[in-house]
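Residues per chain, in single letters:
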Amino acid sequence: MPPLDDIDRRLLALLQSDASRTNQDLAAAAHVSPATCLRRVKRLVDEGYIERRVALLSAERLGPQLTAVVEVTLDRQGAEHLAAFQQRAVADDGVQQCYRTSAGPDFVLIVGVADMAAYNQLVERLFTQDANVRNVKSYFSVERAKFSTAISF
């Protein structure tokens, strides 16, 4: 893949801040022609720089949500055990983010559920029924000071 140039970086930055722009508006903001903009964005998608375009919903408008940062340590850390837990975690709708980590817990999950009852159901599904989970530490958010999906590059 060719390296990203200044135009590619400008387009990516603009799309990170607002992916709903029309091609005309995006081209004007990036200081390129609409044809160049369309071609470049298509290439960025085809090459995997842009994974998907989504709408970010307002948690405040949709009602209460319980957010937890959860550390999970497995009893057995063989590749097949790590892969099995990861597969279950990423398939669960309550898990918003899943990271395999080193030098600490095996996984860190960002969990978003409606309330404590929904969190307890998630605990049953992911941690309690799996005999391979040795330890779980949950940290519950009391305030979201920052939330961003932007990647610095």
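Attention in this report is confined to the structure presented alongside it.

Cut-off values and rules
Residues numbered from 1 in each chain as written. Predicted model: local features only at pLDDT ≥ 70, side-chain atom pairs only at ≥ 80, totals over all residues. Heavy atoms only, no water. Pairing = 2+ DSSP bridges. Helix = DSSP H or I, 4+ residues; strand = E, 2+ residues; numbered from the N terminus. Expected span 1.5 Å × (residues − 1). Buried < 20%, exposed > 50% of the residue type's maximum accessible area, 1.4 Å probe, protein only. Arc of directions from axis to C-beta. Contact = heavy atoms within 4.5 Å. Polar contact = N/O pair within 3.5 Å; in protein donor to acceptor, adjacent residues only side chain to side chain.

1. Notes on the pairing of strand β1 (residues 66-74)
Piece 1. Inspection of the sheet shows β1 paired to strand β3 (residues 107-113) by seven bridges, in the antiparallel sense. When the sheet's bridge partners are listed, V72 is paired in β3 with F107.
Piece 2. When β1 meets strand β4 (residues 133-140), the two strands line up antiparallel, connected through seven bridges. Across the sheet, V70 pairs through a bridge with S138, a residue of β4.

2. Focus on unusual backbone geometry
Note on backbone geometry: most residues besides glycine have negative phi, and most peptide bonds are trans.
Piece 1. A positive phi angle, near 65°, is found at H31, a position not held by glycine.
Piece 2. Considering the arrangement of structural elements, one finds H31 in the loop between α2 (23-30) and α3 (34-46).
Piece 3. The backbone of A103 sits at a positive phi, close to 55°, despite the residue not being glycine.
Piece 4. With respect to the element layout, A103 can be found in the loop between β2 (95-100) and β3.

3. A few points about helix α1 (residues 6-17)
Piece 1. Over its 12 residues, α1 runs 17 Å from end to end, which matches the ideal 16 Å to within 8%, given 1.5 Å per residue.
Piece 2. Inspection of α1 places D8, L11, L12, L14 and L15 among the buried residues, and these make up the whole buried set. For α1, the arc enclosing every buried residue in end-on projection is 165°, short of the 170-degree limit, so these residues lie on one face. Structural note: α1 exposes D6 and S17 on the side pointing more than 90 degrees away from its buried face.
Piece 3. Tucked into the core, α1 has its buried residues touching α2 and α3.
Piece 4. Capping the start of α1, D5 holds a side-chain oxygen 3.1 Å from the backbone nitrogen of I7, two or three residues further along.

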